[in-house]
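# Structure assessment
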Amino acid sequence: MSDIKFTIDGKECTAKSGQTIVEAAKANGIYIPVLCHFDGLKPAGTCRICTVKTGGRFMAGCTTPVAEGMRIDNMTPEIEDMRKQIIEMLFVEGNHMCPVCEKSGNCELQALAYRYKMMVPRFPFLWPKREVVANAPKLYLDKNRCVQCLRCVREIITTDGKNVFAVKERGGKTTINMDEKLAAGLSDDMAMRAMDICPVGCIIRKEVGYKVPIGQRKFDSKPIGSEIEGR
Amino acid sequence: MGNMSEVVKKCVNNYQKDPARMLDVIRDVQAELGQVSDAAISEIAGQMNVSSVDVEGVVTFYHFFSKDPVGQYSVYLNNSAVSVMMGCYEIAKAFEKEAGCKFGEVSSDGKIGLHYTADIGMNDQEPAAIINGVIFTSLTADKVKAIVADMKSGKAARDIVKEFGDGKNQSELIKSMVKNNIQKKGAVLFAPFSPGSALNKAVSMTPDEVIEQMKISNLRGRGGAGFPTGMKWDYTRQSPGEKKYIVCNGDEGEPGTFKDRVIFTEIPEMMFEGMAIGGYAIGADEGLLYLRGEYMYLKTYLEDVLSKMRQAGTLGKNAGGKQGFNFDIKIKMGAGAYVCGEESALIESAEGKRGEPRNRPPFPAQRGYMGKPTSVNNVESFCSASRIILEGGEWFAKMGTAQSRGTKLLSVSGDCKKPGIYEIEFGTTIQTLLEECEGRTAKAVQVGGPSGSCVDKTKFGQRICYDDLATGGSIIVIGQDRDILQVVHNFMEFFEEESCGWCTPCRVGNQLLLHKLEKVMHGHGTEADLKDMEQWCVTVKSMSRCGLGQTSPNPIYTTLKNFRGIYEAKIQKGKDFVSEFDMAAAVKDSCAVAGRKPNVEGH
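Residues numbered from 1 in each chain as written. Chains lettered and ligands numbered in written order. Predicted model: local features only at pLDDT ≥ 70, side-chain atom pairs only at ≥ 80, totals over all residues.

The helix and strand inventory of chain B stands at 26 helices and 14 strands. Its C-alpha atoms give chain B a radius of gyration of 25 Å, within 12% of the compact-globule value 25 Å for 603 residues. Expressed along its principal axes, the backbone C-alpha trace of chain B runs to roughly 90 × 65 × 45 Å. Counting every position in chain B, which comprises 603 residues, the buried fraction comes to 55%. (Helix = DSSP H or I, 4+ residues; strand = E, 2+ residues; numbered from the N terminus. Rg over C-alpha atoms; globule rule 2.2 N^0.38 Å. Buried ≥ 20, exposed ≤ 12 C-beta atoms within 10 Å, placed from the backbone.)

Below is the structure:
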């Protein structure tokens, strides 16, 4: 398998040709934080938390293919602080109320904030006015919590190839948008998939709330990244 | 409703329900209905068999599309920095008074809508506005009065124009009041050119020989990034695939740039011929000119130029007389989005989508327009290519500096007596340029537009070239009396709005930088705020996905370096923290109602 040799923070690694930096790091037991990235989906590179430095330049690890001889900086204080800034930006950009969010404990943004020991964001809160869409039968959309990862845009597509989710507006006004008619027609499995793939509590499946109680959820027992680092 | 449905049906059918023509469909629907409402969006989606959120995504991405009514006459007044310098807000007041509604509104009879817009490529004749696609320049309160009266009487926008600019602005198909303002002609672009000659010579060479000449010339992309054109063509030529495209980036959106406007008006044949040369070199049979929405007034004229070139045999079957070289050019219109000047965003937009840049790799040379190998080049680069083929790469490379060969077209505006177009040899200093344009009293010059750098007097000896002060052509002269922070603020508002919203640092970071700048401007800043700003600038520049985010903090970043004194004069020295909250202002209204004096001791 090992046709490419490269290093991450000085550690010798090997990868298959065509793998991205994030995939290759994972295969070598090295954690690069991701948020918009999701295994199996075409990388989007929206959140930028997987930013690494190579050849003196910053690049997103999820969209950049690994190349022979690459020397990648991953956990330097400079990069780690920039990643923390990204998490903080996402917190101030939306309205994230963890204690009342159904996704608490399963939320990747929350888990990253814990991992990066965010106490309070260094940025002022922007308090945007965001819409809550509750009139579709299967899904509930709370745009206050959206981090614009575009996972739902990439994954939730109807059987005849139409996008159920897309973004609208631009700049600071950019938000996720759901085609309510198409969403109503989703199968139960697809609707559940929409909630599961959302890294935060923006897309919520109706009728099945709090199936797993808070305290027993994914990141309640083990921190994010430990599944890769712990191997 | 019945009517709406019929209109949509007609517009959709005009483009054979092709999703790649989505921008055209939306533009036509809006022209007929005065808006693209939710109902119209869902009708378009239904008839084109796509999701309604995809249509809404496109409608809400572009500045000239609107879900709300824009008015029978939609006035788009430019409020970018130079227009503000030239009195844009006085003109705005005049429009409001005459039209009877505020900016951001439509008059109660639905007739006149007033909107602000970003730079429209008229910086040398501001304040300027676009009304129903027609350009109105050098506006005064009196002109506004007459224009509004004409609108009220129902005159077509085109008939409201009473004076005409110079050169081909007077031609029947343009009939515009826009002036060329060509102040200095150089050897490459504005030397005499005989249409057809460059392509004829190119097709007598092999494609490899054409690329070789481009490489010898060392021509670098004239949009600002400066990638060698010969290499770009070579990569695209080498890319496997039968079908390839050559695309002309006619989306000059950098505030302060208007050079392409003048090329389109005066020497379009030279540019189209450059595209044909590029097409011949890379092996493309189709070219696209992506024209910014602001230049809609030139579309009919440019279509006519293309049609004449077809008649002359320069385009079409056996183009330039070369057996088997079939090449033609189409024009695609933008709709108001700065980010579409980024080549992959431009390709997305040309495909009828939101103009969001793509991730790289793959590069456009590998997979570009419609997934095919594509070379996207600047308007001026194509003109230069025509000249290089005529005169040879070595001739071209004799001009300029080591890293920047040839001449550069500059768009000069702001506080100078001779704003307009200057074709200079690379290596000219800012000081020399200031003397030529009679802007000697400048205290600052914005080189390369907002995404470039703001330099102070001590740097006026620097040269304009890729190895010193790089620019896509925008030069804004800032005079002694100007408030530089106001200019910086204008630029940051621009970037905040023009961010495509895709990646976090650009989408959020620019909002945060803008807020922080306002905090400092309002006198609530401390030394810590300046340090924060510097650090946040670096984060946004380092982590953003495309050139927009990587340069958007530059207005703050470069003025913090070159004009630190003006920031320091605004902050409260020696304090660690100053509250942004103004208690007296917050309770003012309620105190007025209660008839009490605010008691804000201790706050």
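What follows picks up the thread again.
Residues and elements named next belong to chain B. Domain boundaries in chain B define domain 1 (2–59), domain 2 (73–163), domain 3 (183–397), domain 4 (407–478) and domain 5 (484–568). One C-alpha centre belongs to domain 2, the other to domain 5, and the line joining them spans 30 Å. Contacts between domain 2 and domain 5 engage four residues on the former and five residues on the latter. A per-class count over the side of domain 2 that touches domain 5 returns three nonpolar, one polar and no charged. (Domains from an automatic or database assignment. Contact = placed C-beta atoms within 7 Å. Nonpolar A, V, L, I, M, F, W, Y, C, P; charged D, E, K, R; others polar.)

Moving on: the interface of chain B and chain A. Each partner contributes to the interface: chain B provides 31 residues, whereas chain A provides 34 residues. Residue assignment for the side of chain B that touches chain A shows that the elements contributing at least two residues are α4 (52–59), α19 (484–498), α20 (504–521) and α21 (527–543) of chain B. Residue contributions to the side of chain B that touches chain A peak at eight residues, all from α20(B). Considering only residue class, the side of chain B that touches chain A consists of eleven nonpolar, 13 polar and seven charged.

Attention now moves to the nonpolar core. All names here are of chain B. Residues Ile 44, Phe 95, Ile 277, Val 445 and Leu 513 are the most contacted members of the largest nonpolar core, which totals 240 residues. Among the elements that take part in this core, helix α13 (residues 268–282) stands out by supplying nine residues, more than any other. With sequence-adjacent residues up to four places away left out, Val 445 is seen in contact with Ile 430, Val 455, Ile 475, Ile 476, Val 477 and Ile 478. (Core = buried A, V, L, I, M, F, W, Y, C linked by C-beta atoms within 7 Å.)

Bringing the sheet that holds strand β2 (residues 11–15) of chain A into the picture now. All names here are of chain A. Sheet architecture is open: five strands sit in the order β2-β1-β5-β3-β4, paired in mixed fashion. Sheet topology places β2 and β4 (57–60) at the edges, where each strand pairs with a single neighbour. Neighbour to neighbour, the strand axes of the sheet diverge by 35 degrees on average, direction disregarded. Where strand β3 (residues 51–54) and strand β5 (residues 71–73) come together, two bridges link them in antiparallel fashion. Bridging across to β5, Thr 54 finds its partner in Ile 72. Packed on one face of the sheet, helix α2 (residues 77–93) meets β3 and β5 and runs near 155 degrees to β3. (Pairing = 2+ DSSP bridges. Axes fitted to C-alpha atoms, helices over the stretch in contact; angles between N-to-C directions.)

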